[in-house]
Amino acid sequence: MRKYPYLLFFFHILITGCSQVDENMVFDFSENLPAALYQSQTIEPRQDGNEKKPSSPVQQSFLKEDAIFQAPLSSLNYFVSIPENAILKFGIVIENKFKDKNRFYDFEIFAKKQNSAPERIFLKRITAEDSGFFRQWMENEVDMRPYAGEIMKLSFKLSTNSEVSKGNVALGWGRPALVSTVPLVAKESGRKEESKKDKITKLPNIIIYLADALRADHIGCYGYEKMTSPHIDEFALDGILFENAVSQAGWTQPAVASIFTGLYPSSHRVTNIKNALNENFTTMAELLKEKGYITGAFIKNPLVSQEVGFSQGFDTFRLVKHAERENLTQLAADWVANSGSSPFFLYVHALNPHEPYDPPKTFYEKFAVDYSGKVNGKVSTLKALKNGKWPEKVTEADIEYLISLYDAEIAHADDAFGRFMDALKKQGMHQDSLIIFMADHGEEFYDHGSFSHGQSLYSELTHIPLILKLPGNSNRGKRASGIARQIDIIPTVMDIIGSPTSLGDGQSLTGQLEDTASNANVLGISEQGALRSAVIYNGYKLIKTRGEKFEFYNLLTDPREKNNIFGADEVMEGYLGQALFKRQMLFQEATKQEKNVELSKDLKKQMKSLGYLQ
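Conventions we followed
- Residue numbering note: each chain is counted from 1, following its sequence as written.
- At least 70 in pLDDT is required for a residue's local features to be given in this predicted model, at least 80 for side-chain atom pairs to be given and counted, and no such filter applies to totals for whole chains, interfaces and linings, which use all residues.
- Excluded from the side-chain calculations are hydrogens and water; all other atoms, namely the structure's heavy atoms, are used.
- Labels follow the DSSP assignment, with helices taken as runs of H or I lasting at least four residues and strands as runs of E lasting at least two, numbered in each case from the N terminus.
- Classification of residues uses two cut-offs on accessible area relative to the type maximum, computed with a 1.4 Å probe and protein chains only: under 20% is buried, over 50% is exposed, and between them is partly exposed.
- Any two residues whose heavy atoms approach within 4.5 Å are treated as being in contact.
- To measure how exposed things are, a 1.4 Å probe is used in the Shrake-Rupley method; for residues, cover is taken only from the protein chains shown.
- By this definition, two strands are paired if DSSP reports at least two bridges between them.
- The angle between two axes is taken between their N-to-C directions and runs from 0 to 180 degrees, where each axis is a line fitted to C-alpha atoms and a helix contributes only its stretch in contact.
- Just so you know how the angles are binned, under 35 degrees is roughly parallel, over 145 roughly antiparallel, 65 to 115 roughly perpendicular, and the rest oblique.
- Expected helix span is computed as 1.5 Å times (number of residues minus one).
- Only Phe, Tyr and Trp rings take part, Trp by its six-membered ring, and two of them pair if their centres are within 6.5 Å. Stacked means planes under 30 degrees apart, edge-to-face means over 60, and tilted covers everything else.
- As a reminder, the over-ring test applies to NZ of lysine and CZ of arginine, requiring each to be within 6 Å of the ring centre and within 35 degrees of the ring normal.
- For this analysis, a nonpolar core means a set of buried residues of the types Ala, Val, Leu, Ile, Met, Phe, Trp, Tyr and Cys, connected via side-chain atoms within 4.5 Å.
- For salt bridges, the criterion is a side-chain nitrogen of Lys or Arg within 4 Å of an Asp or Glu carboxyl oxygen.
- Working rule for handedness: look at the near helix, and if it is turned counterclockwise from the far one by less than a right angle, call the crossing left-handed; if clockwise, right-handed.
- Each residue gets one label: Ala, Val, Leu, Ile, Met, Phe, Trp, Tyr, Cys and Pro are nonpolar, Asp, Glu, Lys and Arg are charged, and the others, such as Gly, are polar.
- Any pair of N or O atoms that falls within 3.5 Å is considered a polar contact. Within protein, one atom must be able to donate a hydrogen and the other to accept it, and sequence-neighbouring residues count only if both atoms are side-chain atoms.
- What pLDDT reports is the predictor's confidence in each residue, on a scale of 0 through 100.

### Some words on the overall build of the protein chain
Item 1. When its secondary structure is counted, the protein chain shows 14 helices and 27 strands.
Item 2. Here the protein chain holds 614 residues, and the buried ones make up 58% of them.
Item 3. For the protein chain, the share of sequence-separated contacts (at least 6 apart) that also reach a separation of at least 24 residues comes to 75%.
Item 4. Counting only carbon and sulfur atoms, one obtains 48% of the accessible surface of the protein chain, whose full area is about 26600 Å².

### As for the sheet that holds strand 25 (residues 540-545)
Item 1. Read from one edge to the other, the open sheet built from four strands follows the order 23-24-25-26, with strand pairing classed as antiparallel. Of all strands in the sheet, those with a lone pairing partner are strand 23 (524-528) and strand 26 (549-554), marking the two edges. Within this sheet the neighbouring strands show an average axis-to-axis angle of 10°, counted without direction.
Item 2. Of the pairings in the sheet, the one linking strand 25 to strand 26 comprises six bridges and is antiparallel in character. Bridge pairing in strand 26 places Leu 542 opposite Phe 552.

### A short note on the packing of helix 2 (residues 230-238) against helix 9 (residues 396-426)
Each packed pair of helices is defined by two parameters, the angle between the axes and the distance between the axes.
Item 1. Contact pair helix 2 / helix 9: the axes reach a minimum separation of 7 Å and the direction vectors enclose 45°. Of the possible angle classes, the one that applies to helix 2 and helix 9 is oblique. Residues Pro 230, His 231, Ile 232, Glu 234 and Phe 235 of helix 2 pack against Asp 414, Asp 415, Phe 417, Gly 418, Met 421 and Lys 425 of helix 9.

### Examining helix 9
Item 1. Taking 1.5 Å per residue, 31 residues should reach 45 Å; helix 9 reaches 45 Å between its end C-alpha atoms and fits that length.
Item 2. The element helix 9 is extensively covered by neighbouring structure, given that 22 of its 31 residues are classed as buried.

### A few points about the packing of aromatic side chains
The geometry of an aromatic ring pair is captured by the separation of the ring centres together with the interplanar angle, meaning the angle of the planes.
Item 1. Within this structure, the stated rule accounts for 28 aromatic pairs.
Item 2. Here Tyr 371 and Tyr 401 contribute two aromatic rings whose centre-to-centre distance is 4.3 Å and whose plane-to-plane angle is 10°, an arrangement assigned as stacked. Of this pair, Tyr 371 sits in the loop between helix 7 (361-367) and helix 8 (379-386) while Tyr 401 is found in helix 9, placing the two residues 30 residues apart along the sequence.
Item 3. In textbook terms, an aromatic cluster arises when at least three aromatic residues are bridged by ring pairs, as seen for Tyr 78, Phe 90, Phe 107, Phe 122, Phe 156 and Trp 173.
Item 4. Across the ring face of Phe 110, the terminal group of Lys 157 is positioned such that the distance to the ring centre comes to 4.9 Å.

### A look at the nonpolar core
Item 1. Formed by 107 residues in total, the largest nonpolar core has its most connected members in Phe 345, Leu 346, Tyr 347 and Phe 420.
Item 2. In terms of residue count, the dominant contributor to this core is helix 9 (13 residues).
Item 3. Setting aside anything within four residues of it in sequence, one finds Phe 420 in contact with Ile 207, Tyr 209, Thr 329, Ala 332, Ala 333, Leu 346 and Val 348.
Item 4. Phe 107, Ala 128, Leu 158 and Leu 171 belong to the second largest nonpolar core, which has 31 residues in total.

### With respect to helix 11 (residues 489-496)
Item 1. Burial of helix 11 is extensive: eight of the eight residues sit out of reach of the surface.
Item 2. Buried residues of helix 11: Ile 489, Ile 490, Pro 491, Thr 492, Val 493, Met 494, Asp 495 and Ile 496, and no others.
Item 3. Positive phi shows up at Gly 498, right after helix 11, with a value of about 85°.

### Some words on the pattern of salt bridges
Item 1. If you walk through the whole model with that rule in mind, you get 18 salt bridges.
Item 2. Ionic pairing is found between Glu 365 and Lys 361, a salt bridge with its closest N-O pair at 3.8 Å. In this pair, Glu 365 and Lys 361 are both assigned in helix 7, four residues apart and thus about one turn of the helix distant. Like Glu 365, the residue Lys 361 is exposed in the burial classification.
Item 3. Across the pair Arg 583 and Glu 527 runs a salt bridge whose closest N-O atoms are separated by 3.7 Å.

### So, the packing of helix 6 (residues 328-337) against helix 9
Item 1. One way to put it is that helix 6 packs onto helix 9 with a least axis distance of 10 Å and a crossing angle of 15°. The angle between the axes of helix 6 and helix 9 places the two elements in the roughly parallel class. At the point where helix 6 passes helix 9, the crossing takes the right-handed sense. Taking contact as the criterion, the partners of Thr 329, Ala 332, Ala 333 and Val 336 in helix 6 are, on helix 9, Ala 416, Arg 419, Phe 420, Ala 423 and Leu 424.
Item 2. Of the residues contributing to the contact of helix 6 with helix 9, the split by class is seven nonpolar, one polar and one charged.

### A closer look at the side chain of Arg 103
Item 1. Looking at the element boundaries, Arg 103 is found in the loop between strand 5 (86-96) and strand 6 (104-113).
Item 2. Within the structure, Arg 103 has its side chain in polar contact with the side chain of Tyr 105 (distance 2.9 Å).

### Focus: the pairing of strand 11 (residues 206-211)
Item 1. Most of strand 11 is tucked away: six of the six residues are buried.
Item 2. Burial of strand 11 is two-sided: the residues Ile 206, Ile 208 and Leu 210 facing one way and the residues Ile 207, Tyr 209 and Ala 211 facing the other way are all buried.
Item 3. In this structure, strand 11 lies alongside strand 16 (residues 344-350), joined through six bridges in parallel fashion. Bridging across to strand 16, Ile 208 finds its partner in Tyr 347.

### Concerning the confidence of the model for the protein chain
Item 1. For the protein chain, the average pLDDT comes to 81, and 81% of its residues sit at 70 or higher.
Item 2. pLDDT under 50 marks residues 184-198. Its contacts with residues more than four places away, or in other chains, come to 25 contacts.

### Thoughts on unusual backbone geometry
Item 1. The amide bond that connects Asn 352 to the next residue, Pro 353, takes the cis arrangement and shows omega of 10°.
Item 2. Note that Pro 353 resides in the loop between strand 16 and helix 7.
Item 3. Cis geometry is adopted by the peptide bond preceding Pro 356, which originates at Glu 355 and carries an omega value of 0°.
Item 4. Here Pro 356 lies in the loop between strand 16 and helix 7.
Item 5. In this structure, Ser 452 takes a positive phi of about 75° despite not being glycine.

### Looking at the environment of Thr 271
Item 1. With respect to the element layout, Thr 271 can be found in the loop between helix 4 (265-268) and strand 13 (275-276).
Item 2. Thr 271 sits 256 residues away from Glu 527 along the chain, and the two C-alpha atoms are 8.9 Å apart.
Item 3. Look past the residues within four positions of Thr 271 in its chain and what remains in contact with it is Trp 251, Pro 265, Gly 529 and Phe 587.

### Describing the pairing of strand 23
Item 1. Across the five residues of strand 23, five count as buried, placing the element largely inside the fold.
Item 2. What you see with strand 23 is no split at all: Gly 524, Ser 526 and Gln 528 on one side and Ile 525 and Glu 527 on the other are buried throughout.
Item 3. Examined bridge by bridge, strand 23 and strand 24 (residues 532-537) share five bridges and lie antiparallel to one another. By the bridge assignment for strand 24, Gly 524 is matched with Ile 536.
Item 4. Hairpin connection between strand 23 and strand 24: a loop of three residues separates the two successive antiparallel strands, and Gly 529 in this loop has a positive phi of roughly 60°.

### Some points on the side chain of Arg 485
Item 1. Tracing the backbone through its elements, the reader meets Arg 485 in strand 22 (residues 478-485).
Item 2. Within the structure, Arg 485 has its side chain in polar contact with the side chain of Tyr 264 (distance 3.4 Å).
Item 3. Side-chain polar atoms of Arg 485 contact the side chain of Asp 488, separated by 2.9 Å.
Item 4. Apart from residues no more than four positions distant in its own chain, Arg 485 is found in contact with Val 246, Gln 248, Tyr 264, Asp 505, Gly 506, Gln 507, Val 522, Leu 523 and Gly 524.

This is the structure:
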């Protein structure tokens, strides 16, 4: 169990304790106070005979009981997703006897669904006759089955008819838990059970091809009207396209670290340009190497270099300098041709359409617009635009021209990807390989008042293309509507090759490969260090910025995130805010995983050429 619940409830006790609290005071995420109900599930033994037990409830060591003590005239709010066949189990705890026969305490629980009034689901009145000399514990439960599948706000309220300051009695809730009789399905078992004849007998080759800074809504198979991506679109016809793929960060280094480790940035701690990937983490390349794979990587972005720890597990790791004329895809194709008979894992990180925008003439001419302004695709210009230091007001014509350069770069990137796919087909390596095409993040063109990437977590940066082609092209042409994340890549790959893993924060997408229905329980979280985080769930998005600033969007009616409706949906906002609060707690606790390095002069020079350094 992660450490943060202990901190949450310890902080909670410090705040509520047994002190007097104003009537109707509410403790929830919007006031920056902890709100997390411990949830458990009954888990059946796995086929290997090992039983995976749920995490222990929060312990309050000085009480020697699993209890949350509450100040009277207060409310503790928890936002939860109610599983099937769920029972809310809890105790009522009375720490000391009280003698006043006229005094009573009411323990109440209210449940509130989205867009509905609260409903009282539990009431118990405690009188002096109920209190023993020392510590009474009364077990209770509430049937939550009528609320299965709902997102709810559960309010635990404690009230009294006496002055709160009298007496020395302490009251609270013991071991609150949602217990479900539905077996927990382990993360690695997203794939349907295979018959013996369907099981993989030969490990497939695995290729991940990443296009840097490619936003999903600028390629054809994701609905873009311009012909930027004919080869990617053709590839999508052979694979499964994930319509709602979410990047875990708005810039390269933390996003790729999430792909490699299956961890959120708050877990792997690669959150600034000098952070290196800690060797304590197991990477996808290391996992596959253990399974007998030959591993290779060809990369054009210096943020993903050996110096900052990204070479872990690779037999061949080549950072192709931007200034060199070597063809990245040709180098990768040559490596494939010489890979031998062992299965291989290849990671290709193409730089286009990342800035600077300097597309070849043949692509520029296809997307060029009439323009007589001063902006251009040079790094110096783009950096000035991003930092708000461009000397003139940015016009619609300027933005349109920048977009035309970006689209031309996408077409250039698409052409390179097409040539690489052709090379694989000629070598007989395409049909039976597992191939994943994706991006690390997107790009902004003043969608929300800024330019480039790394500065926000709006959809233009976090909605990425993700297309997965299975060996033998099975399930070709499908579109999956559920949330897919970069942290899901490792468990998906390992599931497909028949070696499921629970490594990381993600889960296998193979359930979506066979059933395109959305997985309603998955949260798509993106992080920008401790400064900002965002979460997408069931058509809603919440963005939290340091200083307790919130933005809330209904993506079904406002996909461009233009109308901030924070305050419109207490239950959904609370549920999503609670999830972000838990992740942000890790930034305070996981510093031991952070690893800093001093960058070499050569690497700094490469980063400077791409606008990362001054």
